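Take a look at the letters that make up each chain.
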Amino acid sequence: MADIATAVRQLLTAAPDKALPMTYQQVAASMGLTPPGTIQRVTQALEQLMRDDAATHQPFIAALVVSRRGDNMPGAGFFELAVALGRFPADSTQHAKAYRAEYQQALASRSNT
């Protein structure tokens, strides 16, 4: 999983701003992942990146990946882990605002790498 997580980080760091956010499916396709379990592997890699970023006090690079369903936001697992890692408030009514801020920080941090 570490290899996929590293490759996902490289993909998101190198992607042009206009290509972001990417969907889970776009990440899977860019990585050349094939079924079964492509989205699950992407999700697991993103969760590992979130843990790594939390440990190093960096913005969540995983914020640059969204679900193709909904309103250009990550899946529920992103928010659950962000809360568990102490980065997002437990109050789900604040998640959209917290996500937008995290997305901007992640986008800005890419130019500093």
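On a predicted model such as this, the values are computed, not experimentally measured, just so you know.

Asker: How should unusual backbone geometry be read in this particular structure?
Answerer: As a rule of thumb, non-glycine residues mostly have phi less than zero, and peptide bonds are mostly trans rather than cis. A cis amide bond links Leu20 to the next residue, Pro21, at an omega of 0°. Between Pro35 and Pro36 the backbone carries a cis peptide bond, its omega angle lying at 0°. Within the secondary structure, Pro36 sits in the loop between helix 2 (24-31) and helix 3 (38-55). Residue His57 is not a glycine yet carries a positive backbone phi of 60°. Here His57 shows up in the loop between helix 3 and strand 2 (65-66). The residue Asn72 is not glycine, and still its phi comes out positive at about 60°. For Asn72, the location among the structural elements is in the loop between strand 2 and helix 4 (76-84). Looking at Asn72, the relative accessible area reads 47%, which means it is partly exposed.

Asker: Would you mind showing me how to read the packing of helix 3 against helix 4 here?
Answerer: Any two packed helices are characterised by the angle at which their axes cross and by the distance between the axes. In contact at an axis separation of 11 Å, helix 3 and helix 4 are set at 25° when each is read in the N-to-C sense. Taken together, the axes of helix 3 and helix 4 are roughly parallel relative to one another. When you trace helix 3 past helix 4, the crossing you get is right-handed. On the side of helix 3, the interface is formed by Glu47, Met50 and Arg51, while helix 4 contributes Phe78, Leu81 and Ala82. Taken together, the residues of the contact of helix 3 with helix 4 break down into four nonpolar, no polar and two charged.

Asker: Would you explain the pattern of salt bridges in this entry?
Answerer: Any two side chains of opposite charge can pair, given that their charged atoms come close. Going through the model one piece at a time under the given rule, you end up with three salt bridges. With a shortest N-O distance of 2.4 Å, Asp17 and Arg110 are connected by a salt bridge. Here Arg110 lies in helix 5 (residues 95-110) and Asp17 lies in the loop between helix 1 (2-14) and strand 1 (22-23), a separation of 93 residues in the sequence. Judged by its relative accessible area of 10%, Arg110 is buried.

Asker: How should helix 4 be read in this particular structure?
Answerer: An α-helical turn contains 3.6 residues, so a residue and the one three or four places further along point in the same direction. For helix 4, the complete set of buried residues consists of Phe78, Phe79, Leu81 and Ala82. Buried positions in helix 4, seen along its axis, are confined to an arc of 165° and lie on one side of it. Seen from the buried face of helix 4, the exposed residues on the opposite side, beyond 90 degrees, are Ala76, Glu80 and Ala84. In this structure, the buried side of helix 4 is in contact with helix 3 and helix 5.

Asker: Would you take a moment to explain the side chain of Glu102 for this structure?
Answerer: Along the chain, Glu102 falls in helix 5. Of the polar contacts made by the side chain of Glu102, one reaches the backbone nitrogen of Phe60; its length is 2.6 Å. Setting aside its immediate chain neighbours within four residues, Glu102 contacts Gln58, Pro59, Phe60, Ala63, Arg87 and Phe88.

Asker: Whenever I open this one, the environment of Ala28 confuses me. Can you help?
Answerer: You can see Ala28 is positioned in helix 2. Classification of Ala28 as buried rests on a relative accessible area of 0%. In this structure, Ala28 is in contact with Leu33, Thr38 and Val42, ignoring residues within four places of it in sequence.

The rules we used
Residue positions are given per chain, counting from 1 as you read along its sequence in written order. Local features are withheld for residues below a pLDDT of 70 in this predicted model, meaning they are given only at 70 or higher, and side-chain atom pairs are given and counted only at 80 or more; totals for whole chains, interfaces and linings count all residues. Side-chain figures throughout are based on the complete set of non-hydrogen atoms in the structure, without hydrogens or water. Every helix listed is a DSSP run of H or I at least four residues long, and every strand listed is a run of E at least two residues long, numbered separately from the N terminus. Remark: exposure states derive from per-residue accessible area (1.4 Å probe, protein chains only) relative to the maximum for the residue type, with buried under 20%, exposed over 50%, and partly exposed in between. What counts as an axis is a line fitted to C-alpha atoms, over the stretch in contact for a helix, and the angles between N-to-C directions run from 0 to 180 degrees. Convention used here: angles under 35 degrees read as roughly parallel, angles over 145 as roughly antiparallel, angles from 65 to 115 as roughly perpendicular, and any remaining angle as oblique. Handedness of a crossing is defined here by the sense of rotation of the near helix relative to the far one, left-handed for an anticlockwise turn of less than a right angle and right-handed for a clockwise turn. The contact definition used throughout considers only heavy atoms, calling two residues in contact when any of these lie within 4.5 Å. Here the nonpolar group is Ala, Val, Leu, Ile, Met, Phe, Trp, Tyr, Cys and Pro; Asp, Glu, Lys and Arg are the charged ones; every other residue, Gly included, is treated as polar. We define a salt bridge as a side-chain nitrogen of Lys or Arg found within 4 Å of a carboxyl oxygen belonging to Asp or Glu. Arc, as used here, means the arc of the directions from the helix axis to the C-beta atoms. Polar contacts, as counted here, are pairs of nitrogen or oxygen atoms within 3.5 Å of one another; within protein the pair requires one atom able to donate a hydrogen and one able to accept it, and residues that are adjacent in sequence qualify only if both atoms are side-chain atoms.

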